[in-house]
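Chain residues, written in single-letter form:
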Amino acid sequence: MEQKHKQPNLEVRVKNIIEVDGLKFKDLNGNGKLDPYKDWRLSPKERAENLVSLMNIDEKVGMMLINTRQMGLSQKDKSKTSHEGVLDEGIVEKGENIFAASKIWGTTHTIENMHLRHFILRDNWSPAEMAEWVNTMNEVCEGTRLGIPCLIASNSRNENTEFIFGMNDAAGIFSTWPGTLGLAAAAKGEIKKGGDASLISQFAEIAHDEWDAVGLRKGYMYMADTVTDPRWQRIYGTFGEDPEFISDAIGRLIDGFQGEELGNHSIAMTTKHFPGGGARENGFDPHYEEGKWNLYPTPGSLEKYHLPPFQAAADHGTSSFMPYYSIPSIKKSVVQEFQGEDIPFEEVGFTFNHYFLNHILRGKLGFKGYINSDSGVTNKMSWGVETLSEAERFARAINAGTDLVSDTNDVENLKKAIENGWISEKRINEANVRLLTEMFALGLFDDRTYVSPDHAAEVVSNSANWDAAYEAHKKSVTVLKNHNQTLPLTTEKLDNKKVYIEVFHKEPERSAYYTEKARKECQELGQFTLTDNYEEADTAILFLSPKSGAYFNATPGLLELEICENKTLTALDGSTYQETTLTGMDHLKEVADSIHIRGGKVIISVNVILPWILRNVEPLADVMIAGYDTYYKAQYEVMAGNSRPVGVLPLTLPASEEVIAVDEDGNCVSRNDVPGYDKDQYMPEGLQYAYKDSDGNVYKLGHGLTF
């Protein structure tokens, strides 16, 4: 008990500190008395209950919304900033950008008059600048009637990746690790060698320290979804297709970021996307209407493949869950059960799905925290409840069990739903108590309101963290094929022979930029003699970065997984269109042929952000490598033999278009809800799901060569 009463180090910027029983407390509502919510000796829940009893309806409504918030540094017009440029006070009119479903007001107005206290930061400034911004946000909060602080959330920030709004908003400021699939490839490789997934724990502990120092205290991460449909746009952000491994990884991530229980140095985690986004209808994503269905055509698939990682998240005490946008399809599924009970499918998005949120998540999985919707469920992505008004959608989501509605500041419609009597006061209070309990546990009302910008800069620049991240890059490199022991490219083998390097991308201007970067990183390593003329090279190292589809729009036909250029495809409406996933395919073949004519070797590394079909490129290669937004330099180290290959495939690469073909009724020849390693059980006679290369290697979950 003694520990409980240790005086925290309190800082105030607007309100006063009061003394009671020789102890100091923040007088957050300025009444000179010690209300229970100010008393750090009480439990977070007791304090939350007291605070909710003091809040008015507008304050409760604001607490239940979280919206994207820019920093003042990102505001081009400096006259639209306050606090010496730190806060953005600009107004965005409704519909001006994808997330302005309602008018966005300036920061101060949003905090003081709309009473929002949860914000998503997508900006990517320096650690000290982020810390300064978090402090200034909280200074404005402290000045309000009850002095309720704010909580800043973010998507993951520690993976090396190309910017895609809403998915990976930030990279390269915090210690930069390979993509999530790369972490899985490295950790699964260590397990294959007889080790364990402690690399994931190390990643979580290091990332935790960086987030904590900067004042980002809530992570919209990680994806616990099991990959089952190979065409899903979000695959690169998952840990692959093995539910047992994903469960282990998710447990380690929650332990590393949150600690054993939520405390004043925890990063509160939001595990997503319950009950698993992998079971897509032929890969279409529910950010658009074509992708609104989750299919379960296989008996037992939901319980066997999709729910285990969410059970692990609940067991490890994740602070919140984010349900997916999608609707479980009755027509294209068979009855699924969980723990011996049939699951009644209600055809509404999971955010509105009372049975999934209450009966399965809270009841069966034993989840105790709060439920945080995905972005835009009351406007753009309101699948299954499209005919309801926005106020009715709020009522439907909150009555189903959702406590925090994401990426909106629509206080009017939530308040209207309450005033119309569609949501009870009891339910609103319950949601507020859940949300505030997290904030009290995180110490935001006490000694963790403000952070030190200098300390933030120091923690993030710690070279040991960056070294650990680089080690993970090396371990993620997955050697798929090594014909005639081409690797390692030792000094003896190369014997001053010349090496040619080129990067291929879907966008030609990016190809040029990345080629320069890849050559520079090779020079830094200093082990290969480079030439920029492939006709005089004996070895070519060719990096392929294919891209397919878009995050917010459906492709006219199915998402293309072949590495191809100007390929003619048929759209769902029967018309034809051209698709390119990689520019320069003819040139790629020219380079490979030129090297081979002279008896040289071709090494091809493919960036696996989707399970690409490799039949157009693998035959050109003596060596096939899979990277996962892995640094070029780390890949050279493995090629040169400085580092032994560790990585293995975290998912199965499909053999051909035939094994993922979809018939005119929209049914896929391989099951949408079954992971690649198990799809053969359900394939028609004579079709094998996994790709087999010219050396006989099968590119299945867990495949990875070493030397």
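Rules used in this analysis
- Residues numbered from 1 in each chain as written.
- Predicted model: local features only at pLDDT ≥ 70, side-chain atom pairs only at ≥ 80, totals over all residues.
- Heavy atoms only, no water.
- Helix = DSSP H or I, 4+ residues; strand = E, 2+ residues; numbered from the N terminus.
- Rg over C-alpha atoms; globule rule 2.2 N^0.38 Å.
- Buried < 20%, exposed > 50% of the residue type's maximum accessible area, 1.4 Å probe, protein only.
- Contact = heavy atoms within 4.5 Å.
- Areas by Shrake-Rupley, 256 points an atom, 1.4 Å probe, with all protein chains shown as cover.
- Phe/Tyr/Trp six-rings, centres within 6.5 Å; stacked < 30°, edge-to-face > 60°.
- Lys NZ or Arg CZ within 6 Å of the ring centre and 35° of its normal.
- Pairing = 2+ DSSP bridges.
- Axes fitted to C-alpha atoms, helices over the stretch in contact; angles between N-to-C directions.
- Core = buried A, V, L, I, M, F, W, Y, C linked by side-chain atoms within 4.5 Å.
- Parallel < 35°, antiparallel > 145°, perpendicular 65-115°, else oblique.
- Nonpolar A, V, L, I, M, F, W, Y, C, P; charged D, E, K, R; others polar.
- Expected span 1.5 Å × (residues − 1).
- Polar contact = N/O pair within 3.5 Å; in protein donor to acceptor, adjacent residues only side chain to side chain.
- Left-handed = near helix turned anticlockwise from the far one by under 90°.
- Patch = residues over 30% accessible without salt bridge, like charges linked within 9 Å, V, L, I, M, F, W, Y side chains within 5 Å.
- Salt bridge = Lys/Arg side-chain N within 4 Å of Asp/Glu carboxyl O.
- Lys, Arg positive; Asp, Glu negative; His and termini not counted.
- Charge placed at Lys NZ, Arg CZ, Asp CG, Glu CD.

K.L.:
Please give an account of the overall build of the protein that cites residues and values.
P.N.:
On a plain count of helices and strands, the protein comes out with 19 helices and 24 strands. Here the protein has a C-alpha radius of gyration of 26 Å; the compact-globule value for 707 residues is 27 Å, and the two agree. Based on the C-alpha atoms only, the size of the protein along its principal axes is roughly 85 × 55 × 50 Å. Counting the 707 residues in the protein, one finds 62% classified as buried. Excluding contacts between residues fewer than 6 apart, the proportion of contacts in the protein whose partners are at least 24 apart in sequence is 73%. Just so you have it, the protein exposes about 25700 Å², and 48% of that area is on carbon and sulfur atoms.

K.L.:
Report on helix 19 (residues 632-639), specifying residues and quantitative values.
P.N.:
For helix 19, a buried count of seven out of eight residues is recorded, marking the element as mostly surrounded by other parts of the structure. In the segment just after helix 19, glycine 641 is the residue with positive phi, at about 85°.

K.L.:
An account of the packing of aromatic side chains is needed here, citing residue identities and associated values.
P.N.:
Geometry of an aromatic ring pair is reported as the spacing of the ring centres plus the angle between the planes. Considering all chains together, one arrives at 27 aromatic pairs under this definition. With 6.4 Å between their ring centres and 70° between their planes, phenylalanine 274 and phenylalanine 356 make a pair best called edge-to-face. One end of the pair, phenylalanine 274, is in strand 9 (residues 268-274); the other, phenylalanine 356, is in helix 10 (residues 354-364), with 82 residues separating them in the sequence. Summarising the burial analysis for this pair, phenylalanine 274 and phenylalanine 356 share the class buried. Three or more aromatic residues joined by ring pairs make a cluster, and in this case those are Phe274, Tyr296, Phe310, Phe321, Phe345, Phe350, Phe356 and Phe367. If you follow lysine 103 out to its NZ or CZ, it ends over the ring of tryptophan 105, 4.4 Å from the centre.

K.L.:
For the sheet that holds strand 9, give the residues involved together with the corresponding values.
P.N.:
The strand order around the closed barrel formed by eight strands is 3-6-7-8-9-11-15-16, and the pairing between neighbours is parallel. Averaged over all pairs of adjacent strands, the angle between strand axes in this sheet comes to 25°, irrespective of strand direction. The pairing of strand 3 (residues 65-68) with strand 6 (residues 118-120) spans three bridges and is classified as parallel. In the sheet register, isoleucine 66 faces strand 6, and the bridge partner there is histidine 118. In the packing of helix 9 (residues 308-315) onto the sheet, the strands contacted are strand 9 and strand 11 (320-323), and the crossing angle to strand 9 comes to about 160°.

K.L.:
Any details on the nonpolar core? Residues and values, ideally.
P.N.:
Among the nonpolar cores identified, the biggest contains 176 residues, and Phe239, Phe257, Phe274, Leu436 and Leu614 are the most heavily contacted of them. For this core, the leading source of residues is helix 6 (residues 198-214), giving nine residues. Among residues more than four places away in sequence, those in contact with phenylalanine 257 are Ala204, Ala207, His208, Trp211, Met221, Tyr222, Ser266, Ile267 and Met269. Judged by nonpolar contacts, the second largest core, of 23 residues, contains Val477, Ile501, Phe528 and Ile541.

K.L.:
Just give me the short version of the pairing of strand 24 (residues 623-627), but keep the residues and values in it.
P.N.:
Counted residue by residue, strand 24 has five buried out of five residues, so it is predominantly covered. Burial along strand 24 is two-sided: Val623, Ile625 and Gly627 facing one way and Met624 and Ala626 facing the other are all buried. Inspection of the sheet shows strand 17 (residues 478-482) paired to strand 24 by four bridges, in the antiparallel sense. Considered in strand 24, the bridge of asparagine 482 is made with valine 623. Bridge count between strand 23 (residues 601-607) and strand 24: five bridges; the pairing is parallel. Pairing of isoleucine 603 across the sheet is with valine 623, part of strand 24.

K.L.:
I'd like a rundown of the packing of helix 5 (residues 180-192) against helix 15 (residues 463-476), residues and numbers included.
P.N.:
Between helix 5 and helix 15, the least distance of the axes is 8 Å, while the angle of their chain directions is 75°. Taken together, the axes of helix 5 and helix 15 are roughly perpendicular relative to one another. Contacts from Gly182, Ala185, Ala186 and Glu190 of helix 5 reach helix 15 at Ala472, Lys475 and Ser476. Looking at the contact of helix 5 with helix 15 residue by residue, the classes come out as three nonpolar, two polar and two charged.

K.L.:
Give a description of the sheet that holds strand 20 (residues 539-545) that names residues and reports values.
P.N.:
The sheet built from six strands is open, its strands ordered 17-24-23-20-18-19 with mixed pairing. The open sheet has two edge strands with one neighbour each: strand 17 and strand 19 (529-531). Each strand of the sheet is rotated relative to its neighbour by a mean of 25°, with strand direction disregarded. Where strand 18 (residues 498-505) lies against strand 20, seven bridges are found, and the strand directions are parallel. From the neighbouring strand, valine 499 faces strand 20, where its bridge partner is threonine 539. The sheet contacts of helix 17 (residues 508-525) involve strand 18, strand 19 and strand 20, and relative to strand 18 the element is tilted by about 145°.

K.L.:
Let's hear about helix 7 (residues 243-258): which residues, and what values?
P.N.:
Its 16 residues place the ends of helix 7 22 Å apart at the C-alpha level, agreeing with the 22 Å of an ideal helix rising 1.5 Å per residue. Of all 16 residues in helix 7, 13 are buried; the element is thus mostly enclosed. Where helix 7 begins, the capping side chain belongs to aspartate 242, and its oxygen is found 3.1 Å from the backbone nitrogen of glutamate 244. After helix 7 finishes, the residue glycine 259 shows a positive phi value of roughly 85°.

K.L.:
So what's going on with the packing of helix 6 against helix 15? Residues and values would help.
P.N.:
Where helix 6 meets helix 15, the axes come as close as 11 Å, and the angle between the chain directions of the two elements is 145°. As for how helix 6 packs across helix 15, the hand of that crossing is left-handed. Each of Leu199, Gln202, Ile206 and Glu210 in helix 6 lies in contact with helix 15, whose residues at this interface are Asn465, Ala468, Ala472 and Lys475. Counted by class, the contact of helix 6 with helix 15 contains four nonpolar, two polar and two charged residues.

K.L.:
Describe a negative patch on the surface, listing the residues and the values that go with them.
P.N.:
Where like charges cluster on the molecular surface, the negative patch consists of Glu205, Asp209, Asp255, Glu260 and Glu261. With respect to the helices and strands, the residue glutamate 205 is situated in helix 6.

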